[in-house]
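Residues per chain are reported as follows:
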Amino acid sequence: MLDSLKRFFSRRSEPVNRGLDPQVAAAALLVEAALVDGVYANLESDQIAEILLDSLGLDADRVDDVLAQGEELAEDATGAHEFTQHVKKLPMLERVRVIEGLYLVSLADGAACKFEEAFIRHVASLLHVDDIRRAQARRRAESRHPQ
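Definitions and cut-offs
- Residues numbered from 1 in each chain as written.
- Predicted model: local features only at pLDDT ≥ 70, side-chain atom pairs only at ≥ 80, totals over all residues.
- Heavy atoms only, no water.
- Core = buried A, V, L, I, M, F, W, Y, C linked by side-chain atoms within 4.5 Å.
- Buried < 20%, exposed > 50% of the residue type's maximum accessible area, 1.4 Å probe, protein only.
- Helix = DSSP H or I, 4+ residues; strand = E, 2+ residues; numbered from the N terminus.
- Contact = heavy atoms within 4.5 Å.
- Salt bridge = Lys/Arg side-chain N within 4 Å of Asp/Glu carboxyl O.
- pLDDT = per-residue confidence, 0-100.
- Polar contact = N/O pair within 3.5 Å; in protein donor to acceptor, adjacent residues only side chain to side chain.
- Axes fitted to C-alpha atoms, helices over the stretch in contact; angles between N-to-C directions.
- Parallel < 35°, antiparallel > 145°, perpendicular 65-115°, else oblique.
- Left-handed = near helix turned anticlockwise from the far one by under 90°.
- Nonpolar A, V, L, I, M, F, W, Y, C, P; charged D, E, K, R; others polar.

**Student:** Sorry, what's going on with the nonpolar core here?
**Tutor:** Across soluble globular proteins, nonpolar side chains have a tendency to be buried as a group. Ranked by size, the top nonpolar core spans 41 residues in total, and within it Leu29, Ile48, Leu52, Val87, Ile99, Leu102 and Val123 carry the most contacts. Contributions of two or more residues to this core are made by helix 2 (22-35), helix 3 (42-54), helix 4 (60-75), helix 5 (81-87), helix 6 (92-107), helix 7 (114-126) and helix 8 (131-144). Among the elements that take part in this core, helix 2 stands out by supplying 10 residues, more than any other. Non-local contacts of Leu52, meaning those with residues more than four positions away in its chain, are made with Gln23, Ala27, Leu30, Gly57, Leu58, Val63, Val66 and Leu67.

**Student:** Can you help me understand the pattern of salt bridges in this one?
**Tutor:** Where charged atoms of side chains with opposite charge meet at close range, the side chains can pair. Applying the stated criterion to the full structure yields nine salt bridges. The residue Glu100 makes a salt bridge to Arg140 at a minimum N-O spacing of 3.0 Å. Highlighted residues: Glu100 in helix 6 and Arg140 in helix 8, separated in sequence by 40 residues. Overall, the relative accessible area of 8% leaves Glu100 in the buried class. Residue classification places Arg140 among the partly exposed positions, given a relative accessible area of 34%. The shortest N-O distance in the salt bridge between Asp130 and Arg133 comes to 3.5 Å. Residues joined by salt bridges that share partners form a network here, namely Glu117, Arg121, Asp131, Arg134, Arg138 and Glu142.

**Student:** Explain the confidence of the model for the protein to me, please; I cannot follow it from the model alone.
**Tutor:** Do not read the predicted coordinates in detail wherever pLDDT is low. Summarising the model, the protein shows a mean pLDDT of 86, and 86% of its residues fall at 70 or more. Segment residues 11-16 is flagged for pLDDT under 50; beyond a separation of four residues in sequence, or across chains, it makes three contacts in the model.

**Student:** Would you take a moment to explain the side chain of Glu82 for this structure?
**Tutor:** Mapped onto the fold, Glu82 is located in helix 5. Reaching out from Glu82, the side chain makes a polar contact with the backbone nitrogen of Thr78 at a distance of 2.8 Å. Among the polar contacts made by the side chain of Glu82, one reaches the main-chain amide nitrogen of Gly79 at a distance of 3.3 Å.

**Student:** Help me out: how do you make sense of the packing of helix 2 against helix 4 in this one?
**Tutor:** For any two helices packed against each other, one specifies the inter-axial angle together with the distance between the axes. It is at 7 Å that the axes of helix 2 and helix 4 come closest, and there the two elements cross at 60°. In terms of their interaxial angle, helix 2 and helix 4 are classed as oblique. At the point where helix 2 passes helix 4, the crossing takes the right-handed sense. Residues Gln23, Val24, Ala27, Ala28, Val31, Glu32 and Leu35 of helix 2 lie in contact with helix 4, whose contacting residues are Arg62, Val66, Leu67, Gln69, Gly70, Glu71, Leu73 and Ala74. Looking at the contact of helix 2 with helix 4 residue by residue, the class counts come to nine nonpolar, three polar and three charged.

In structure tokens, the structure reads:
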């Protein structure tokens, strides 16, 4: 048993992919937001594809590939930081669009929960998106989301 504990604690984590495409990292963050409440519904997946297409400007051919990569990365993720360090490479306007997308994903299943809100606030701070821009992104997402 002692040997298994030594092996467990001596394992080194795999290095973060330094060449990760910022848009794939953004897709992974969107998937992470969808997973916060423990359910990843088709509704949320469709919403993420729409965000990638409209807000992040990906072409329709690339959306499915980026979403699939984002889902795979999010499945093995240990935290948002491993993705935000890549998304930070995007211009501020695109980072704010990612935050707006996170709000859209959180609203996709009806209403945002407090855990989704906490996740979005955390990601916004990691992306250096201030509270004013984050609140504006939230209002835009709420106005776009059909009640």
